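# Observations on the three-dimensional arrangement
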Amino acid sequence: MAPAEILSGKIVSAQVRERLKQQVVEMKEKFPGFRPGLAILQVGNRDDSNLYINMKLKAAAEIGISANHIKLPNTATEADVLKCIASLNGDPAVHGFIVQLPLDSDKPINTEKITNAVAPEKDVDGLSSINAGKLSRGDLGDCFIPCTPKGCMELIKQTGIQVAGKRAVVVGRSKIVGAPMHDLLLWNHATVTTCHSKTSTLAEEVGKADILVVAAGKAEMVKGEWIKPGAIVIDCGINHVPDSTKASGKRVVGDVAYSTAKEKASYITPVPGGVGPMTVAMLMQSTVESAQRFLEKFQPGKWNIQYNQLTLKMPVPSDIEISQSYIPKPIDQVAREVGLLPDEVELYGQTKAKVHLSALKRLKTQPDGKYIVVTGITPTPLGEGKSTTTVGLVQALGAHLHQNVFACVRQPSQGPTFGIKGGAAGGGYCQVIPMEEFNLHLTGDIHAITAANNLVAAAVDARIFHELTQTDQALYNRLVPSDNGVRKFSDIQIRRLQKLGINKTDPMALTKEEVNLFVRLDIDPGTITWQRVLDTNDRFLRKITIGQSLTEKGFSRTAQFDITVSSEIMAVLALSDGLDDMKKRLGRMVVASNKKGEPVTTDDLGVTGALAVLMKDAVKPNLMQTLEGTPVFVHAGPFANIAHGNSSVLADKIALKLVGKDGFVVTEAGFGADIGMEKFFNIKCRYSGLRPHVVVLVATVRALKMHGGGPTVTAGVPLPKEYMEENLQLLAKGCSNLNKQIQNARMFGVPVVVAVNAFKTDTKAEMALVVQQAKEAGAFDAVVCTHWAEGGKGAVALAQAVQRASQTSSNFRFLYDVKLPVIDKIRIIAQQIYGARDIELLPEAQEKVALYTKQGFGNLPICMAKTHLSLSHDPEQKGAPTGFILPIRDIRASVGAGFLYPLVGTMSTMPGLPTRPCFYDIDLDPVSGAVNGLF
């Protein structure tokens, strides 16, 4: 018979690669920006492994696959390898993932444990037990097949001979080739025999084979005379035998005696050039197949997220009862769903996690989503449901309209939680859960701020004390102590020297005058603006005397405690865009002036680095979820009067990257639009560089009736009948406030959607009137919402309106140029946002304008601290007052955070407890551990 036809792996693999190349082109055309991704993990630096990996990288590049070679040193431990695998398993850009074997480590590593750690859906080498199990039971369409057997099968198919019904013999039973080859032939309907080292009748069995696959690892073990005439012979062996005619002194042969076998077989693979090239081609094919499966399951940029189905009850139960009736998804699942990698997530139990800032770096080229800010009309003391609307809107966009959407909200203070306001996780069927975790310690950020703030306070008083009680030289000896006769400045001390214009680094080189400048901050106690803080409502700490112990040698002064969320460090956290930026802001914080009127900063105190250490975890946003399973970032909670009242820039930036260009990030601004929204635009957006697409303005019938002249609304007291019955005249008059707040939002060039937060006592006519008034005032749309009682379903119309509004052009602009004089910036806000005729600066405020301008802080944005209960400075003036003079009592500086805050009236920074605080109703079930009565 004629010699066997050669099955060239080089030719077939080239055809496969060309086909794959075209498939990748088609993928990219259908899904712009998408590329199949292959990761190759190598441990050590074996030459043969490097050679094989380079072949794979070259093939991937030719086809259009994005290949990433991760190389761990040979000192890597099993734990190091497993950690790397976990990260690659979670990376949505990696579709195929192989561990290059053998593992070249000087540490003991269980290879099977490593291969089984690879996610089965990415195991394009087909080596995991799950893929092997699926292959063995015939699930060929739902598993990956090891590349060599897959290549062998491709070569067999090239013959055109039907496999079904043929007798096949596999010589070798390795997990990589022999065993999976047996299964692959079996499920292609061949009758298969596996032979191995213990097979006594090997020649006899080989002679029965219509299809023979040899993977024994022994040079020319199978003789040509054994082979059945006309058989297909696939030789997987690569062996080196001595050959004096070769320069290397050896040549490569297979497991089959090729020269005699080709005379009996009908088809045969050469060695080299047969199965070898097919292995790499099949790895590429499996990677492309994996990418195709990914595209079938996930749309690029679309999350595959599990939403929770709400079971609505009427009447609506208490917030905590609703919260505790739903089991949150494991937070690591939420993280995976939104595209976070395992090493970007730091779990705090099952329901909350911190997200590392490395996620933002990884996603830096990802386009941002649509940026939505939720604000409100001037509220009643009860609040009008901004948080509830924020959560309802994201539940509607996510669970009902299937958009990528993130909520970014502030972390509440524990003060109001145990005081009069209660929790702040939303309400009804629109909550962040678990609400007890949300409202209590969360991940300890507020405690970190408390510690950092009080460290600064302690440093201020300690420095004053030590300067009063020591000579220059004694101070210097303690500030720059000698260690074995050697003095050395710390980095922060060198920064202080540079600030003083002393360009010396040798502590022994300072003159007496320079030592005096260095050791004396010379703080004027009367100028200290830095107070101690506590996250508890405690009226008796509003004014205290410190330093009364005899050990303080008569140095005492009047001071106060503020609530933690009013600390400048909270505002710094909220406005920082990274760890380095936060550290710089912490160092710029001004705590007092010296006796020359110059600012004294935390950097001068030497405490900046310690503050950064205390805040290093707090800077990471906290990941939680809503009742319906949409993701939420809970991060930072600055006051909305003496600070800007918005959640963190970092949370917004990470969320905008995660949702992608077609997704939505919904954040909330504190108080009414005249305060929280104005600061969101003029302070937060100015520092973040982010540009909003839509304003959602929350309005309620009861608040508008109040603005129309309705009776006083008091927290904890039943609403008067005017708010419980239809009164269109009162409502129409009160819409002046709605109209003004719509104008305020449009002043910034952003479209406005009004969300009418419906209460059961509101009539259809009242709600219709609010919608009509809003549209006439220039709102893009106005929608009645029932999300409190219905969850996301009740905010679907609002979500659709927001979607439409986000597609219009947003011509965002700031209200003022920060380079304007301080007084002019204050006047612009007062006149254009509040409706004032002019402003009046009291003497203390005038002095501060001069001081801060002299100190170089005049170019900071303005953060007005005024009542949230009126557009004016008088909380009793409702509606949209005009013609008033806005009094500016004082101006203070948050230089680290980056703003000046004029005080309009008296601002309480330490709330007190009412006669009957919320804590009367809060309890812990000692059996179940459940928190009761939180809200």
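Above this text sits the structure in question.
Anyway, here's the lowdown on the structure attached to this text. (Residues numbered from 1 in each chain as written. Predicted model: local features only at pLDDT ≥ 70, side-chain atom pairs only at ≥ 80, totals over all residues. Heavy atoms only, no water.)

### Details of a nonpolar patch on the surface
Worth spelling out the cut-off: The patches described consist of residues with a relative accessible area above 30% and no salt bridge, like charges being joined within 9 Å and nonpolar side chains (Val, Leu, Ile, Met, Phe, Trp, Tyr) within 5 Å. The Shrake-Rupley method, run with a 1.4 Å probe, gives the accessible areas here. Residue values count only the displayed protein chains as cover. A carboxyl oxygen of Asp or Glu within 4 Å of a side-chain nitrogen of Lys or Arg is what we treat as a salt bridge. The way it works is that DSSP assigns letters per residue, a run of H or I at least four long becomes a helix, a run of E at least two long becomes a strand, and they are numbered from the N terminus.
A surface patch of nonpolar side chains, amounting to about 300 Å² of accessible area, comprises Leu 51, Tyr 52 and Met 55. Here Met 55 shows up in helix H2 (residues 47-63).

### Side note on the sheet that holds strand E6 (residues 191-195)
Our working definition: One requirement defines pairing of two strands: DSSP has to find at least two bridges between them.
One open sheet holds the 6 strands; their spatial order is E1-E11-E8-E7-E5-E6, and the pairing between them is parallel. Only two strands of the sheet have a single neighbouring strand rather than two, namely strand E1 (5-6) and E6. Across 5 bridges, the pairing between strand E5 (residues 167-171) and E6 is parallel. In the strand pairing of E6, Val 169 is matched with Thr 193.

### A few points about the nonpolar core
Selection criterion: In these notes, a set of buried Ala, Val, Leu, Ile, Met, Phe, Trp, Tyr and Cys residues joined through side-chain atoms within 4.5 Å is what counts as a nonpolar core. Classification of residues uses two cut-offs on accessible area relative to the type maximum, computed with a 1.4 Å probe and protein chains only: under 20% is buried, over 50% is exposed, and between them is partly exposed. Throughout, a residue-residue contact means that at least one pair of heavy atoms, one from each residue, lies within 4.5 Å.
Counting 144 residues, the largest nonpolar core has Leu 738 and Val 754 as the members making the most contacts within it. Per element, the largest residue contribution to this core is 9 residues, and it comes from helix H17 (residues 445-469). Residues within four places of Leu 738 in sequence aside, it is in contact with Ile 377, Leu 697, Ala 699, Leu 704, Val 754, Val 770 and Ala 774. With 52 residues, the next largest nonpolar core counts Ala 60, Leu 135, Val 192 and Val 280 among its residues.

### Re the packing of helix H1 (residues 9-30) against H2
As a reminder, the rule being used: Under this scheme, a helix contributes an axis fitted over its contacting stretch, all axes are lines through C-alpha atoms, and angles between N-to-C directions fall in the 0 to 180 degree range. Every angle not falling under 35 degrees, over 145, or within 65 to 115 is termed oblique; those three ranges are roughly parallel, roughly antiparallel and roughly perpendicular. Each residue is assigned to one of three groups, with Ala, Val, Leu, Ile, Met, Phe, Trp, Tyr, Cys and Pro labelled nonpolar, Asp, Glu, Lys and Arg labelled charged, and all others, Gly among them, labelled polar.
Interaxial distance between H1 and H2 falls to 8 Å at its minimum, and their mutual angle equals 50 degrees. If you check the angle between H1 and H2, you find them oblique. Across the interface between the two elements, Arg 17, Leu 20, Lys 21 and Val 24 of H1 pack against Ala 59, Glu 62 and Ile 63 of H2. Looking at the contact of H1 with H2, its residues break down into 4 nonpolar, no polar and 3 charged.

### Remarks on empty space enclosed by the protein
Put simply, the test is: Computed over the protein atoms alone on a 1 Å grid, cavities are sets of points where a 1.4 Å probe fits but cannot get out and pockets are open sets with protein on both sides within 12 Å along at least five of seven lines; a residue lines them when it has an atom within 4 Å of a point. Grid points are joined across faces, edges and corners, and a volume is the space filled by probe spheres set on the points.
Tallied over the entire structure, the rule returns 1 cavity of 30 Å³ or more. Its boundaries defined by the atoms lining it, the largest cavity holds a volume of some 40 Å³. Lining of the largest cavity is provided by Phe 97, Ile 98, Val 99, Thr 115, Val 118, Asp 123, Asp 125 and Leu 127. With 3 residues, the top contributor of residues to the lining of the largest cavity is strand E4 (residues 96-99).

### Quick look at the sheet that holds strand E2 (residues 37-43)
An order of E3-E2-E4 is seen for the 3 strands of this open sheet, with the pairing classed as parallel. Bordering the open sheet on either side are strand E3 (66-72) and E4, each of which pairs with just one other strand. Taken over all neighbouring pairs, the strand axes of this sheet differ in orientation by 15 degrees on average, direction set aside. Note that E2 and E4 share 4 bridges and pair parallel. Considered in E4, the bridge of Ala 39 is made with Phe 97. Each of E2 and E4 touches helix H10 (residues 275-297); the most contacted strand, E2, lies at about 130 degrees to it.

### Let's talk about the pairing of strand E34 (residues 890-894)
Consecutive residues of a regular strand have side chains that alternate between opposite faces of the sheet. Here E34 lies mainly inside the structure; 4 of its 5 residues are buried. Sheet topology note: the E34/strand E35 (residues 899-903) ladder contains 5 bridges and is antiparallel. Bridge pairing in E35 places Ala 893 opposite Leu 900. Here E34 folds back onto E35 in antiparallel fashion, the turn holding 4 residues, of which Gly 898 has a positive phi close to 105 degrees.

### Comments concerning the packing of helix H6 (residues 147-158) against H10
For the pair H6 and H10, interaxial distance at closest approach is 8 Å and the crossing angle is 105 degrees. Considering the angle they form, H6 stands roughly perpendicular to H10. Here H6 contributes Cys 147, Thr 148, Lys 150, Gly 151, Cys 152, Glu 154 and Leu 155 to the contact with H10, which in turn contributes Val 275, Met 278, Thr 279, Met 282, Leu 283, Gln 285, Ser 286 and Glu 289. Its residues assigned to classes, the contact of H6 with H10 comprises 7 nonpolar, 5 polar and 3 charged.

### A short note on unusual backbone geometry
Cis peptide bonds are those with omega within 30 degrees of zero, and the linkage from Val 271 to Pro 272 qualifies with 0 degrees. Mapped onto the fold, Pro 272 is located in the loop between strand E11 (267-268) and H10. Of the consecutive residues Met 314 and Pro 315, the connecting peptide bond is found in the cis state with omega at -5 degrees. Locating Pro 315 in the fold gives a position in the loop between H10 and helix H11 (319-324). A positive phi angle, close to 60 degrees, is found at Phe 671, a residue other than glycine.

### Brief notes about the side chain of Arg 702
Note the cut-off: Polar contacts, as counted here, are pairs of nitrogen or oxygen atoms within 3.5 Å of one another; within protein the pair requires one atom able to donate a hydrogen and one able to accept it, and residues that are adjacent in sequence qualify only if both atoms are side-chain atoms.
Mapping Arg 702 onto the fold places it in helix H27 (residues 701-707). Judged by relative accessible area, which is 13%, Arg 702 ranks as buried. Only 3.2 Å separates the side chain of Arg 702 from the side chain of Glu 384, close enough to count as a polar contact. With sequence-adjacent residues up to four places away left out, Arg 702 is seen in contact with Thr 380, Leu 382, Gly 383, Glu 384, Leu 719, Tyr 723 and Phe 759.

### Details of the packing of aromatic side chains
Our working definition: Any Phe, Tyr or Trp ring, taking Trp's six-membered ring, that has another such ring centre within 6.5 Å forms a pair; planes under 30 degrees apart are called stacked, those over 60 apart edge-to-face, and the others tilted. A ring is considered to have a charge above it if a Lys NZ or an Arg CZ atom is located within 6 Å of its centre and within 35 degrees of its normal.
Taken as a whole and assessed by the stated rule, the structure comprises 13 aromatic pairs. Aromatic side chains Phe 681 and Phe 748 sit 4.5 Å apart centroid to centroid with 40 degrees between the ring planes, which places their arrangement in the tilted category. Here Phe 681, found in helix H26 (residues 673-688), pairs with Phe 748, found in the loop between helix H28 (728-746) and strand E30 (752-757); they are 67 residues apart in sequence, far enough to count as distant. Both residues of the pair, Phe 681 and Phe 748, belong to the buried class. Ring centres 5.3 Å apart and planes at 80 degrees place the aromatic pair Phe 812 and Phe 814 in the edge-to-face group. Its relative accessible area of 15% is what places Phe 812 among the buried residues. Three or more aromatic residues joined by ring pairs form one cluster here, namely Tyr 371, Phe 680, Phe 681, Phe 748, Phe 812 and Phe 814. For the cation-ring pair, Arg 293 lies above Phe 144, with the distance from its terminal atom to the ring centre recorded as 4.4 Å. When the ring centre of Phe 814 is taken as reference, the NZ or CZ atom of Arg 686 above it lies at 4.2 Å.

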